[in-house]
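Below are the chains, spelled out letter by letter.
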Amino acid sequence: MDMRADPRRVAFALTHGVAAPRDRVWAALSEVGHLTQWGAPAGAQMRAASLSFHLGGRFLYTIERPNAPPRCGRWVYRDIIEAVRLVFVASLLDASGGVTRHPRVPHWPRYVHHTLELADVAGDTELRLCSRPIHASEAEICAFEDGHDRLRRDALDAWARLEAYLAGEIEIQTEQESHHASRTLFVVPR
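Participant: I keep staring at the overall build of the chain and nothing clicks. Help me out?
Facilitator: A count of helices and strands for the chain gives 5 helices and 8 strands. The linear arrangement of helices and strands in the chain, starting from the amino end, is β-α-α-β-β-β-β-β-β-β-α-α-α. Within the chain, the fraction of its 190 residues that count as buried is 45%. Within the chain, contacts between residues at least 6 apart in sequence are counted, and of these 57% link residues at least 24 apart. Carbon together with sulfur atoms contributes 52% to the accessible area of the chain, which is approximately 10,000 Å² in total.

See below:
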């Protein structure tokens, strides 16, 4: 499958500074014990099923919210340059591990290509995100473009949680709490 980003449209792009050294930010992006601590939206929990952090590897996770069905997802790593760049394709998964549609945005792209670059800026870390749909229909591209404001809010919220986590302001779950429910929510795809 060709996983190159769709060049037909301008991608979503966002730059943000995080008050932490780049090696600590990288660890929070690349280690499952860190990702599950800050990776879920406010009021939700992230449970990791697995993380294979290498080229071609996958991060499989579940987001759990009170009074809502769990939402499973997958990142497939396409490029990793330690503490410099992380490239992955994100998709939502159904209960059997197959790629599925967003439950509230039916034309949201099933595959979104993300490039996240990290740079040192005055002792802090600058995050540079560029995202675009791939293998997308015209309706999916339009839904992605229409969702740029939401993407901006979600990314800024996630990075605020990342910064709070790195500053010790987020209560840390034990590994058992972090991994508890995910094994039974979906079948890990091959």
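Participant: Teacher, can you tell me more about the side chain of Thr 125 here?
Facilitator: With respect to the helices and strands, Thr 125 occurs in strand E8 (residues 124-133). Thr 125 gets classed as buried once you look at its relative accessible area, which sits at 1%. Engagement of the side chain of Thr 125 in a polar contact is seen with the backbone oxygen of Ala 20, the distance being 2.6 Å. Within polar-contact distance, the side chain of Thr 125 engages the backbone nitrogen of Arg 22 at 3.0 Å. When residues no more than four places from it in sequence are discounted, the contact partners of Thr 125 are His 16, Gly 17, Val 18, Ala 20, Pro 21, Arg 22, Val 25, Leu 118 and Ala 119.

Participant: Looking at this structure, how should I read the nonpolar core?
Facilitator: Within soluble globular proteins, side chains that are nonpolar generally end up buried alongside one another. In this structure, Val 25, Trp 38, Phe 59, Trp 75, Leu 127, Leu 162 and Leu 166 are the most contacted members of the largest nonpolar core, which totals 37 residues. No other element matches the 7 residues that helix H4 (residues 148-166) contributes to this core.

Participant: Teacher, can you tell me more about the confidence of the model for the chain here?
Facilitator: The predicted coordinates of low-pLDDT regions are not to be read in fine detail. Per-residue confidence for the chain gives a mean pLDDT of 87; residues scoring 70 or more make up 84%. Put simply, helix H5 (residues 175-179) is where the chain has its lowest mean pLDDT, 45, and strand E5 (residues 85-93) is where it has its highest, 98. Taken together, the stretch residues 175-190 has pLDDT below 50 and engages in 38 contacts with residues farther than four places along the chain or on a different chain.

Participant: Is there a simple way to think about the pattern of salt bridges in this case?
Facilitator: Here the structure, examined in full by the defined rule, presents 8 salt bridges. Asp 120 is paired through a salt bridge with Arg 22; the nearest N and O atoms lie 2.9 Å apart. One end of the pair, Asp 120, is in strand E7 (residues 112-121); the other, Arg 22, is in helix H1 (residues 22-30), and 98 residues separate them in sequence. The partner of Arg 85 in a salt bridge is Asp 79, and the shortest N-O contact between them spans 3.0 Å. Linked through salt bridges whose partners overlap, the residues forming this network are Asp 79, Arg 85 and Glu 117.

Participant: Please clarify how the packing of aromatic side chains should be interpreted in this entry.
Facilitator: Two measures describe an aromatic ring pair: the distance that separates the ring centres and the angle between the ring planes. A complete count under the given rule lists 8 aromatic pairs for this structure. Between the aromatic rings of Trp 75 and Phe 88, the centroid separation amounts to 4.3 Å while the plane-to-plane angle is 25°, which identifies the pairing as stacked. Highlighted residues: Trp 75 in strand E4 (residues 71-81) and Phe 88 in strand E5, separated in sequence by 13 residues. Judged on exposure class, the residue Trp 75 and its partner Phe 88 are both buried. Ring-pair connections join several aromatic residues into one group, and the members of that group are Trp 26, Phe 53, Phe 59, Tyr 61, Trp 75, Tyr 77 and Phe 88.

Thresholds applied
Residues numbered from 1 in each chain as written. Predicted model: local features only at pLDDT ≥ 70, side-chain atom pairs only at ≥ 80, totals over all residues. Heavy atoms only, no water. Helix = DSSP H or I, 4+ residues; strand = E, 2+ residues; numbered from the N terminus. Buried < 20%, exposed > 50% of the residue type's maximum accessible area, 1.4 Å probe, protein only. Contact = heavy atoms within 4.5 Å. Areas by Shrake-Rupley, 256 points an atom, 1.4 Å probe, with all protein chains shown as cover. Polar contact = N/O pair within 3.5 Å; in protein donor to acceptor, adjacent residues only side chain to side chain. Core = buried A, V, L, I, M, F, W, Y, C linked by side-chain atoms within 4.5 Å. pLDDT = per-residue confidence, 0-100. Salt bridge = Lys/Arg side-chain N within 4 Å of Asp/Glu carboxyl O. Phe/Tyr/Trp six-rings, centres within 6.5 Å; stacked < 30°, edge-to-face > 60°.

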